[in-house]
Amino acid sequence: MKISHIDHIGIAVKSLEKASEFYTRFLGCKPAGKETVPDQKATVSFFLFKDTTVELLEATELEGPIAKFIASKGEGIHHIAFRVENIEDTIAELKAKGVRLIDEQPRTGARGIKIAFVHPKETSGVLMELCQHFTKE
């Protein structure tokens, strides 16, 4: 398994507009894109910081994972994503080692990348996302 770096940090927010204002007004960052991810029942806004992206995630449905996260834990860090070379091989290796996964097959996430989540009970309570980009960035 080869992890190259932290790809992004996902932050669950109640309002993309309000949260984005902090990054633009106080940090001087410009949004690097915004998209709705129906599978995740969320709208995501991106802010780039060299090799890492901050993803602000706002729920689009009350029963979605982001809404449930905010209801139980409040706004804050939702997940940390690590970029891998080959997500299928990484999943297979983790499964072989007995690691509990949320996703045993990759799915498509924001920006069209392949993603899979490791269960937080395996990672000291942190939701870990594995992601594979299709092109070098």
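Use the structure listed above.
Below you will find a few notes about this structure. (Residues numbered from 1 in each chain as written. Predicted model: local features only at pLDDT ≥ 70, side-chain atom pairs only at ≥ 80, totals over all residues. Heavy atoms only, no water.)

So, about the overall build of the protein chain. A tally of regular secondary structure across the protein chain gives three helices and eight strands. Each helix and strand of the protein chain, placed in order from N terminus to C terminus, yields the pattern β-α-β-β-β-α-β-α-β-β-β. Looking at the protein chain as a whole, 40% of its 137 residues are labelled buried. Counting contacts in the protein chain only where the partners sit at least 6 residues apart, residues at least 24 apart contribute 53% of the total. When the accessible area of the protein chain is evaluated, it comes to approximately 8000 Å², of which 53% is carbon and sulfur surface. Across the protein chain, 19 positive and 20 negative side-chain charges occur, with their mean positions spaced 3 Å apart. (Helix = DSSP H or I, 4+ residues; strand = E, 2+ residues; numbered from the N terminus. Buried < 20%, exposed > 50% of the residue type's maximum accessible area, 1.4 Å probe, protein only. Contact = heavy atoms within 4.5 Å. Areas by Shrake-Rupley, 256 points an atom, 1.4 Å probe, with all protein chains shown as cover. Lys, Arg positive; Asp, Glu negative; His and termini not counted. Charge placed at Lys NZ, Arg CZ, Asp CG, Glu CD.)

Within the largest apolar cluster, 10 residues are counted, these being Ala12, Val37, Ala42, Val44, Phe46, Leu57, Ile66, Phe69, Ile70 and Ala110. The set of elements that each furnish at least two residues to this core consists of β3 (42-49) and α2 (65-73). Here alanine 110 is in contact with Glu35, Val37, Phe46 and Glu55, once residues within four sequence places are set aside. With nine residues, the next largest nonpolar core counts Ala19, Phe47, Val54 and Leu56 among its residues. (Core = buried A, V, L, I, M, F, W, Y, C linked by side-chain atoms within 4.5 Å.)

Okay, the pattern of salt bridges next. Taken as a whole, this structure holds 10 salt bridges when the rule is applied. Residue arginine 83 pairs with aspartate 7 through a salt bridge whose shortest N-O separation is 2.6 Å. Here arginine 83, found in strand β5 (residues 76-84), pairs with aspartate 7, found in strand β1 (residues 3-13); they are 76 residues apart in sequence, far enough to count as distant. For arginine 83, a relative accessible area of 13% puts it in the buried group. For aspartate 7, a relative accessible area of 2% gives the class buried. One salt bridge in this structure joins aspartate 103 and arginine 107, with 3.0 Å as the shortest N-O distance. Under the relative-accessibility criterion, aspartate 103 is labelled buried at 9%. A single salt-bridge network, built from bridges that share partners, covers Asp7, Glu55, Arg83 and Arg111. (Salt bridge = Lys/Arg side-chain N within 4 Å of Asp/Glu carboxyl O.)

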